[in-house]
Amino acid sequence: MPGVGPLTALAIEAFAPDMAAFRRGRDFAAWLGLVPRQHSSGGKERLGRVSKEGQADIRQLLIVGAMSRLNWLGRKSIPSGSWLAQMLARKPRMLVAIALANKMARTIWAMLTRKEDYRNPAQAVTA
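These figures come from a predicted structure and were not determined experimentally. (Residues numbered from 1 in each chain as written. Predicted model: local features only at pLDDT ≥ 70, side-chain atom pairs only at ≥ 80, totals over all residues. Heavy atoms only, no water.)

A. Structural detail: the nonpolar core. Ranked by internal contacts, the top residues of the largest apolar core, which has 30 residues, are Phe28, Leu34 and Leu62. For this core, the elements supplying multiple residues, two or more each, are helix H1 (6-15), helix H2 (25-32), helix H3 (56-73), helix H4 (83-90) and helix H5 (93-114). When residues of this core are assigned to their parent elements, the largest contribution, nine residues, is made by H5. With sequence-adjacent residues up to four places away left out, Leu62 is seen in contact with Val4, Thr8, Leu32, Leu34, Ala101, Met104, Ala105 and Ile108. (Core = buried A, V, L, I, M, F, W, Y, C linked by side-chain atoms within 4.5 Å. Buried < 20%, exposed > 50% of the residue type's maximum accessible area, 1.4 Å probe, protein only. Helix = DSSP H or I, 4+ residues; strand = E, 2+ residues; numbered from the N terminus. Contact = heavy atoms within 4.5 Å.)

B. Focus on H1. Within the sequence span of H1, burial applies to Thr8, Ala11 and Ile12. Axial view of H1: buried residues confined to an arc of 100°, hence all on one face. Exposed residues lying more than 90 degrees from the buried face of H1 are Pro6, Leu7, Leu10, Glu13 and Ala14. Next to the buried residues of H1 lie H3 and H5. (Arc of directions from axis to C-beta.)

C. The packing of H2 against H5, seen in detail. Between H2 and H5, whose axes approach to 8 Å, the crossing angle comes to 125°. When the axes of H2 and H5 are compared, the pair comes out oblique. Along this stretch, H2 crosses H5, giving a crossing that reads as right-handed. Seen from H2, the contacting residues are Gly25, Arg26, Phe28, Ala29 and Leu32; seen from H5, they are Asn102, Ala105, Arg106, Ile108 and Trp109. (Axes fitted to C-alpha atoms, helices over the stretch in contact; angles between N-to-C directions. Parallel < 35°, antiparallel > 145°, perpendicular 65-115°, else oblique. Left-handed = near helix turned anticlockwise from the far one by under 90°.)

D. Structural context of the pattern of salt bridges. This structure, assessed with the given rule, holds one salt bridge. The shortest N-O distance in the salt bridge between Asp27 and Arg24 comes to 3.8 Å. On the basis of relative accessible area, Asp27 is assigned to the partly exposed category, the value being 27%. (Salt bridge = Lys/Arg side-chain N within 4 Å of Asp/Glu carboxyl O.)

E. Highlighting the packing of aromatic side chains. Across all of its chains, the model carries three aromatic pairs by this definition. With 6.2 Å between their ring centres and 15° between their planes, Phe28 and Trp31 make a pair best called stacked. Of this pair, Phe28 and Trp31 both sit in helix H2, three residues apart, which is roughly one turn of the helix. Under the relative-accessibility criterion, Phe28 is labelled buried at 0%. A relative accessible area of 27% means that Trp31 is categorised as partly exposed. Among the aromatic residues, ring-to-ring pairing joins Phe22, Phe28 and Trp31 into one connected group. Above the ring of Trp83, the side-chain terminus of Lys103 is found at 4.0 Å from the ring centroid. (Phe/Tyr/Trp six-rings, centres within 6.5 Å; stacked < 30°, edge-to-face > 60°. Lys NZ or Arg CZ within 6 Å of the ring centre and 35° of its normal.)

Dropping the structure here:
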């Protein structure tokens, strides 16, 4: 998976509990500390800052991988209508990297629970 190298994969295998312990990818991302803190009540959803609670080592490796992926892609090669391009247009670069790390964590959870390899979404659309 782009942004996840051998060191990150090894850290997830070594330090993370079995992925069956998490019901969904958001629970795994919350365990890492990559989701916004919720202050919701009465049906009104209020999301705060990203809580930095959780597994700091894996979170840091995922954020570094997301930043390297953003730097490698650059602004010119990101498709204009994509989620990533829309985020980069209105949010700071570091916040986009954290959101991308959150997305990567959810994808890792899905890959490990389904025992599948990474499929590039851009290639899946063209196929």
